[in-house]
Amino acid sequence: MNSLQFSLNRQTFHLHPHRAIYWEEKKTLLVADLHLGKARHFRRAGLAVPIAVSEKNIEILQSLISEFQTERLLILGDLFHSSRNHAWDQFKDWLAGHPKMKAVLIPGNHDFHQKEAYETMGLIVEEEPYVEGEFVFSHIPIKEPMEEKYNLAGHIHPAVRLSGDGRQSMSLPCFYFGEWQGLLPAFGKFTGNGYIEVCQGDRVFVIAEDEVLEIE
Amino acid sequence: MANEKYIKKGKAWFKEKGWKAFPFQLQAWEAMLDGQHGLVNAPTGSGKTYSLFVPILLDYLREVDQNKKKPKKGLKAIWITPLRALAKEIQIAGQRAVDGMGLDWKVEIRTGDTSSSVKSRQFRSPPEVLITTPESLHVLLARKKYPDFFSQTKTIVVDEWHELMGSKRGVQMELGLSRLKGLNPDLKVWGISATIGNMDQAIEALLGSSFEAGKFEIISSADNKKIEVETIFPDEIETYPWSGHLGIALLDKVVPLIKKSQSTLIFTNTRAQCEIWYQKLLEVEPDLAGIMAMHHSSISRDLRDWVEEALHDGRLKAVVCTSSLDLGVDFRPVETIVQIGSPKGVARFMQRAGRSGHQPGAVSKIHFVPTHSLEIIEGAALRTSVERRTIESRIPFLLSFDVLIQYLVTLAISEGFYPDEIYPEIKGTFAYQHITDEEWIWLLDFVTTGGNALYAYDEYKKVEVDEGGKFIVTDKGIARRHRLSMGTIVSDVAITVKFVRGGRIGTIEEYFISQLSPGDTFWFAGRALELVRVREMTAQVRKSKKKTGKVPAWLGGRLSFTSELSDMLREKMQVYVDQDYSDPEINTLRPLLDLQHYESLVPSKNEFLIEYFQDREGYHLLMYPFEGRYVHEGISALIAWRISQIKALSFSIAMNDYGFELLADKEIPINEALDEGVLSLDNLSKDIQASVNSVEMAKRRFRDIASISGLIFRGFPGKEMKSKHLQSSSQLFFQVFSDYEPNNLLLRQAYDEVMNFQLEEGRLRKALERINEQEIRLSMTERPTPFSFPIITDRLRERLSSEKLQDRIRRMKLKLQR
């Protein structure tokens, strides 16, 4: 797996095919829309679904943390898909295994529990928009530019459609960087796509299996 | 003969009614009284019901005479019908015969529509004859004390067996029969079937373990109904479109047919086409309002019942319909049949034709409306096929483990079962005759523990084994959910369409509604409707005055040519090559075929045509096996894969029933490919495995399997799961089995079904064998030909690539959003 280096506001970001960004200067791993326990959620709704799937997400998260020697994990919302279930315990146990790592959650629309619920599992909760240096982080993309700061957000599950000669076409999840706003792909595998509109000058990086590619 | 006395009674009743028994009816009476099993091969409206209903009564009269005591009361005979709508007619006919013979029997119906109070009354004091469906029979087997209910049953008749046997409903029927035979080893099993290509297999599958020489008879009514096929031609063949599937351009030619007939049935191939034809007919002929109706499977049962009744009574001038009217009660007033577009098979075409001309000796006439010019040739192919009666076979399903799992749980929720008792019964069926002991043990394990992959979850431990070794379900919740999900027909999740003020109109796939916003107008059941809101699984609508609106596109597989029709189509190409223009279709189509022959080639029986050309879209390679789209799906993937091994290429693939296209953005090395044996039979199975995305296909198949086997519960009535959720949960099971239990039988079944029913591997191999004996004719053309045009304009495409994803992406551009 190769990540792709990308500079923004003189900071270095590694775009990883596992749908995460590593922010080198701050030793921070950025992820959005994990939707942990989504499979389990179906079960509670009466749909029988084996749970093996949600464990995979944590495995991948672990591999990213190890790859980059991460000191901080910044989650841009929708950590859990729904109310407390098995996935909470799994995540809590995993977090407990990383006492030195700071884990920050900016709650998304799916994270509707009281702040304390997240704090007791070792997460630091920050409300959106969360400003840090030249950046502003949020779950839902902010509507207007904020004081020259660059917004990084989730929620959209961005994807693009590509086409070529001979009626070739495909759609892929992507990282998107506009003039003052960037979007992270959904980390959770089991999630839908939101097709985005791309303007001249925007930069789009698609996830092509185990590689991240920029689309010209 | 001892039977003679009773046959005379039957004849006497016929005489009283002013009828005369047909030879096949007398033959059937005799055979049943002789204690035989059997199959009556007779079309609808031929008196088939009385061929088997009468001897059931005669047999009883004999029993009364032979015994001093009156025989015990109870359910004497079961009559299975695949269609609820047919039950009423059979009941009326049956009751008439009962009364005519002076018996005090009751003939009753029991289907999903029967109220629960009637059902429990029937269970307490059964009628002598019960008319029911395969599904309702299984629901009976799910009731405690069912063995008492069936204790007096001597005869079972499976009506329209040809309809059931090519589906999992047929398997379900076989299992039901095996249990009834287990309860009563002397049970007589009879079937009624229209003509199919494999009549012998039909009776073998029906009888299962009772299939023994000398113990059964096949009885045929003479099939001498005359069917006339007339193709509707456009005025100018030169301007008729080369592609398309609606056929609206010939609407003006259909209107006069409707006008001059008492009543007309217009068959379309899809529900969307049905809606559009109905709407367009009303536009050009507003007088038809009120005397024309529409009939398809998404329209509510009440509305359909009304249409069928009105048709029966001669109150309707025309009905635009789909296969939903292929089967059903006789509509005597129907004089004219119109088929829009290719019927894809001979049996279906004949069945539709047979819906007219019910008077004895009358001719059934069917008008064929081609939807694009090349399709005209199918008119000639259909006529010859009908004349020669080359009718398709119905292939029975084998080893459908999903149906068997459902059946085992059914038995476990009622009386429970002992494997030693049930296993021989199951092995006695045609569908499971080759089941192995290992498979059987796996199945028992699966229903009791959930198997290797699911043992950790309690909800899959459905069945328990008690101390005596009986397999039984004790949990009431499991039993309740199982009862609600019995059956083998898995339909898409549907949204109910209702008026705001109430009144159900029908059902639409969730997918369509999700594309509409409140205020949008759409056409459904022949009306313009405005979507008001969607609440849970109901779309509330009101009438709209707008003239335009979307027409729902129902998702559903496209039908494919049967091999019988494919053969005939190739024969008709040869007829053209031989310059025989006696078929009016070929004569009319001459300008187009001449153009094809001039630009490229019309292949004779021993030629195989390949076309290749380049335009701004890319490089087009076309091949014409004329084998139907299912077989083309497999061959095209195979050829694309083999070529892509020579050169890294990405293909977009399209196909119809005549041929297929491989489109690439780089030059295709066709000559090299032919030299290297791209069409060869070597390594065929291996190459097919490598080329088709069998995983994706099996995943799609698995959805039904997961539902039938009870892995997925579709929800309580009124609280059904969304199809998105169903889809993803079946995919998860597929994934988990693939990862943790690769030898799971349900998983294997999904792959087997793909090979046997979707890719039709057997047919594919035969097609390649034929092609290998033909002369390859590679034709480099300047532009699209009449043959290729309908294919290259098709938007529905498959893809195959041997290039690295990254390389492909580098040549692509962002698609601009609308």
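Counting from 1, residues in each chain are numbered in the order their sequence is written. Whichever chain is written first is A, and whichever ligand is written first is 1; the rest continue in order. A pLDDT threshold of at least 70 governs which residues receive local features in this predicted model, and a stricter bar of 80 or more applies before side-chain atom pairs are shown or counted, although totals over entire chains, interfaces and linings include all residues.

### Points about the overall build of chain B
Note the cut-off: Every helix listed is a DSSP run of H or I at least four residues long, and every strand listed is a run of E at least two residues long, numbered separately from the N terminus. Radius of gyration: over C-alpha atoms. The globule rule applied is 2.2 Å multiplied by the number of residues raised to the 0.38 power. Field definition: a residue is buried when 20 or more other C-beta atoms are found within 10 Å of its C-beta, exposed when 12 or fewer are, and partly exposed for counts in between, with C-beta atoms placed from the backbone. What counts as a contact here is a pair of residues whose C-beta atoms, placed from the backbone, lie within 7 Å.
Assigned secondary structure in chain B consists of 32 helices and 27 strands. Taken over the C-alpha trace, chain B has a radius of gyration of 28 Å; the compact-globule value for 818 residues is 28 Å, and the two agree within 12%. By principal-axis analysis of the C-alpha atoms, chain B measures approximately 90 × 65 × 60 Å. Counting over 818 residues, chain B shows a buried share of 46%. The contacts of chain B with a sequence gap of at least 6 include a subset with a gap of at least 24, amounting to 75%.

### Observations regarding the overall build of chain A
Across its full length, chain A carries 4 helices and 16 strands. For chain A, long-range pairs separated by at least 24 residues make up 62% of all intrachain contacts whose partners lie at least 6 apart in sequence.

### A short note on the sheet that holds strand β22 (residues 618-623) of chain B
Residues and elements named next belong to chain B. In plain terms, the rule: In short, DSSP must find at least two bridges between two strands for them to pair. Each axis is a line fitted through C-alpha atoms, taken for helices only over the stretch in contact, and angles between the N-to-C directions span 0 to 180 degrees.
With respect to topology, 6 strands assemble into an open sheet ordered β25-β21-β22-β24-β23-β26, the strand pairing being mixed. Each edge of the sheet is formed by a strand with only one pairing partner; in this case those strands are β25 (775-780) and β26 (798-801). With strand direction ignored, the average angle separating the axes of adjacent strands in the sheet is 20°. In terms of strand pairing, strand β23 (residues 650-655) meets β26 through 4 bridges, oriented antiparallel. Note that in β26 the partner of F651 across the bridge is L800.

### Re unusual backbone geometry
Residues and elements named next belong to chain A. With an omega of -5°, the peptide bond running from E128 to P129 counts as cis. By secondary structure assignment, the location of P129 is in the loop between β7 (124-125) and β8 (130-132). A positive phi is found at E209, a non-glycine position, where the angle reads about 55°. One can find E209 in the loop between β15 (203-208) and β16 (211-215).

### A look at helix α18 (residues 437-449) of chain B
Residues and elements named next belong to chain B. Our working rule: By this rule the span expected of a helix is its residue count minus one, scaled by 1.5 Å. Note that the arc is computed from the directions linking the helix axis to the C-beta atoms.
Across its 13 residues, α18 extends 18 Å between first and last C-alpha, which sits within 8% of the 18 Å expected from 1.5 Å per residue. Within α18, the full set of buried residues consists of L443, F446 and V447. Mapping the buried residues of α18 onto a view down its axis gives an arc of 90°, with all of them on the same face. More than 90 degrees from the buried face of α18, the exposed residues found are D437, E438 and I441. Buried positions along α18 lie against α16 (401-413) and α19 (451-454). G450 sits one or two positions beyond α18 and adopts a positive phi of about 90°.

### Some points on the interface of chain A and chain B
Stated precisely, the cut-off is as follows: Residues are grouped as follows: Ala, Val, Leu, Ile, Met, Phe, Trp, Tyr, Cys and Pro are nonpolar; Asp, Glu, Lys and Arg are charged; all remaining types, including Gly, are polar.
Chain A puts 29 residues into the contact, and the matching count from chain B is 31 residues. Elements represented by at least two residues in the side of chain A that touches chain B include exactly α1 (38-44), α2 (52-68), β11 (158-164), β12 (168-177), β15 and β16 of chain A. The element best represented in the side of chain A that touches chain B is β11 of chain A, accounting for 5 residues. In terms of residue class, the side of chain A that touches chain B is built from 17 nonpolar, 6 polar and 6 charged. Where β11 of chain A meets strand β27 (residues 813-814) of chain B, 2 bridges bridge the pair, whose relative direction is antiparallel. Bridge pairing links L162 of chain A to L814 of chain B in β27 of chain B.

### Quick look at the pairing of strand β10 (residues 150-153) of chain A
Residue and element names in this part refer to chain A. Residue alternation in β10 divides its side chains into two sets, Y150 and L152 and N151 and A153, and both sets are buried. Relative to β10, strand β9 (residues 135-138) runs parallel, the two sharing 4 bridges. Following the sheet pairing, V136 is matched in β10 by N151. As defined by bridge partners, β10 adjoins strand β13 (residues 181-183) across 3 bridges and the pair is classed as parallel. Counted as the bridge partner of A153 is L183 from β13.

### Here's the deal with the packing of helix α27 (residues 694-708) of chain B against helix α29 (residues 745-758) of chain B
Residue and element names in this part refer to chain B. The criterion, for reference: Roughly parallel means an angle under 35 degrees; roughly antiparallel means over 145; roughly perpendicular covers 65 to 115; every other angle is labelled oblique. For any pair of crossing helices, the crossing counts as left-handed if the nearer helix is rotated counterclockwise from the farther one by less than a right angle, and right-handed if it is rotated clockwise.
Between α27 and α29, the shortest axis-to-axis distance is 8 Å and the interhelical angle comes to 110°. Regarding the angle of α27 to α29, the classification is roughly perpendicular. Both α27 and α29 take part in a crossing whose hand is right-handed. Together, S694, M697, A698, R701, F702 and I705 of α27 and L746, Q749, A750, Y751, E753, V754 and Q758 of α29 make up the contact between the two elements. Here the contact of α27 with α29 is built from residues that sort into 8 nonpolar, 3 polar and 2 charged.

### As for the confidence of the model for chain B
Caution applies to low-pLDDT regions: their predicted coordinates should not be interpreted in detail. Applied cut-off: The score called pLDDT rates the predictor's confidence residue by residue, from a low of 0 to a high of 100.
For chain B, the mean per-residue pLDDT works out to 90, and 97% of the residues sit at or above 70. With pTM at 0.81, the complex prediction returns an ipTM value of 0.74.

### Digging into the environment of T268 of chain B
All names here are of chain B. Note on placement: T268 falls in the loop between β9 (264-267) and α12 (271-284). The class of T268 is buried, set by 27 C-beta atoms lying within 10 Å. The residues touching T268, leaving out its near neighbours within four places in the chain, are Q273, C274, W277, V320, T322 and I340.

### What to know about the nonpolar core
For clarity, the threshold we go by: To form a nonpolar core, buried Ala, Val, Leu, Ile, Met, Phe, Trp, Tyr and Cys residues must be joined through C-beta atoms within 7 Å.
If you look at the biggest cluster of nonpolar residues, it comprises 217 residues, and the most contacted ones within it are V319 and V320 of chain B. It is α16 of chain B that contributes the most residues to this core, 10 residues altogether. When sequence neighbours within four positions are dropped, the list of residues in contact with V319 of chain B reads L265, A293, M294, H295, V307 and L311 of chain B. The next biggest cluster of nonpolar side chains, apart from the first, holds 52 residues, and it includes L30, A32, Y118 and A153 of chain A.

### Here we look at the sheet that holds strand β6 (residues 102-105) of chain A
Residues and elements named next belong to chain A. Read across the open sheet, the 7 strands follow the order β1-β2-β3-β4-β5-β6-β7; overall the sheet is mixed. Bordering the open sheet on either side are β1 (4-8) and β7, each of which pairs with just one other strand. Where β6 and β7 come together, 2 bridges link them in parallel fashion. In the sheet register, L105 faces β7, and the bridge partner there is V125.

### What about the environment of A12 of chain B?
Examined against the element boundaries, A12 of chain B turns out to sit in helix α1 (residues 4-16). Owing to 12 C-beta atoms within 10 Å, A12 of chain B belongs among the exposed residues under this scheme.

### Some words on the pairing of strand β20 (residues 538-543) of chain B
Residues and elements named next belong to chain B. As defined by bridge partners, strand β16 (residues 494-499) adjoins β20 across 4 bridges and the pair is classed as parallel. The residue of β20 that forms the bridge with F499 is V541. Across 6 bridges, the pairing between strand β19 (residues 527-535) and β20 is antiparallel. What sits directly across from E530, in β20, is R542. Where β19 folds back onto β20 in an antiparallel hairpin, the turn is made up of 2 residues, including E536, whose phi is positive at roughly 50°.

### Description of α29 of chain B
Residue and element names in this part refer to chain B. Taking 1.5 Å per residue, 14 residues should reach 20 Å; α29 reaches 19 Å between its end C-alpha atoms and fits that length. Residues of α29 that are buried include every one of L745, L746, L747, Q749, A750, E753, V754 and M755, and no others. Within two residues after α29, E760 carries a phi angle of roughly 45°, on the positive side.

### As for the environment of V363 of chain B
All names here are of chain B. Assignment of secondary structure puts V363 in the loop between α14 (346-353) and β13 (364-369). With 12 C-beta atoms packed within 10 Å, V363 lands in the exposed category. C-alpha separation for the pair V363 and F713, spaced 350 residues apart in sequence, amounts to 49 Å. The residues contacting V363, other than those within four sequence positions of it, are K226, E228 and G357.

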